[in-house]
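# Residue-level structure breakdown
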Amino acid sequence: MRGESFRPGGIRSLVDVLLDDGWDVWLFNWRGSIDLDPVPWTLDDVALYDHPAAVRYVVAETGAAAVKVIAHCQGSTTICMAAVAGLVPEVTTIVSNGVSLHPHVPVASRAKLHVLRPLLQSREAYVDIAWGDGPERGMRTLTRNAVRLWHFECGNPTCNMASFALGSGHPALWLHSNLTHTTHDWIRHEFGKIPMSFYAQLAASERAGQIMSIRPRPELPTRYATAPPQTQARFALFAGRHNRVFLPTSQKTTYAFLKRHQPGRHSLHVLDGYGHADVFLGRHAHREVFPKMLTELHR
Ligand SMILES: [Zn+2]
């Protein structure tokens, strides 16, 4: 996805709500953003280079003493990795959605990660959610057609491919009832290529039960949720109860880890009636979700 994904048209977005509440809002495109040329990134690259650089940039531009972060999915995983590794000391609050240090995925996703991924990996450097829309041939067409047949719940090829590539469910990323027709159509331009290097790290981390470094470097831990977190940031963890990309136990397990090391400091919100990305894209998120995030930012 990309930074602009936090600001869909036609609904009252998180950005609208933050601006109205008086915040200076910055959207961040890290190296996985579809606005940039695709590269085979890992979570380690993003945690080590992208988030620290972005935070330093915002601090330098604004003169602010501290930065608060709202992050989603792999944006959340990577900012949490950077934080527990002590790489973003300027960050005082992290509002995280979906997953942070413990990726728990549905059973069917585990099969895809550990059986299908090694098969695809030798043929493709990326899974492209646009396979749903393009003129591709061979393996890509086969994948796309199989995905379309399986995802009979709607006729939006991006919605179908996103369910296949990122989770397991009909659909996996949201409850259809939470999206307006306009938003459901808008997503067709908001997803892009996912590198096999990311899936490889996710597979290793899923097996280990916590985020694992895949290209070890001296500045980064090998296991991200073993040693005490090297940060004073407060974490507010959010999980949609119907999330079929990362199960809500992902955030519950990270919350238990944080609480063990820093009791009484962090919080967990499990949202009824929400899945994964509809926490930000939902038609009623401005009433049902964002006020909870604002409360966490002000705490
Ligand atoms: Zn759909």
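Source: prediction; values computed, not measured.

## Focus: the nonpolar core
Counting 63 residues, the largest nonpolar core has L101, V127, W174, Y199 and F235 as its most contacted members. It is helix 3 (residues 73-84) that provides the largest number of residues to this core, a total of seven residues. No fewer than three residues from each of domain 1 (3-105 + 212-298) and domain 2 (107-196) sit in this core. Setting aside residues no more than four positions away along its own chain, F235 makes contact with C80, A83, V84, I94, L258, H266 and S267. Counting 19 residues, the second largest nonpolar core, distinct from the first, contains L14, V15, I70 and M293.

## Quick look at the packing of helix 5 (residues 139-150) against helix 6 (residues 157-166)
Here helix 5 crosses helix 6 at 100°, and the two axes come no closer than 9 Å. By the angle class used here, helix 5 and helix 6 are roughly perpendicular. Here T143, R144, V147 and R148 of helix 5 lie close against helix 6, whose contacting residues are P157, N160, M161 and F164. Grouping the amino acids of the contact of helix 5 with helix 6 by side-chain chemistry returns four nonpolar, two polar and two charged.

## As for the pairing of strand 5 (residues 234-240)
Burial runs high along strand 5: seven of the seven residues are buried. Going residue by residue along strand 5, you find R234, A236, F238 and G240 tucked away on one face and F235, L237 and A239 tucked away on the opposite face as well. Here strand 2 (residues 91-97) pairs with strand 5 via five bridges, running parallel. Directly across from S96, in strand 5, lies its bridge partner L237. Alignment of strand 5 against strand 6 (residues 267-271), held across five bridges, turns out to be parallel. Counted as the bridge partner of F238 is H269 from strand 6. For the handedness criterion, the β-α-β arrangement of strand 5, helix 9 (residues 249-261) and strand 6 is classed as right-handed.

Parameters and conventions
- Residues numbered from 1 in each chain as written.
- Predicted model: local features only at pLDDT ≥ 70, side-chain atom pairs only at ≥ 80, totals over all residues.
- Heavy atoms only, no water.
- Core = buried A, V, L, I, M, F, W, Y, C linked by side-chain atoms within 4.5 Å.
- Buried < 20%, exposed > 50% of the residue type's maximum accessible area, 1.4 Å probe, protein only.
- Helix = DSSP H or I, 4+ residues; strand = E, 2+ residues; numbered from the N terminus.
- Domains from an automatic or database assignment.
- Contact = heavy atoms within 4.5 Å.
- Axes fitted to C-alpha atoms, helices over the stretch in contact; angles between N-to-C directions.
- Parallel < 35°, antiparallel > 145°, perpendicular 65-115°, else oblique.
- Nonpolar A, V, L, I, M, F, W, Y, C, P; charged D, E, K, R; others polar.
- Pairing = 2+ DSSP bridges.
- Right-handed = clockwise from strand over helix to strand, strands pointing away.

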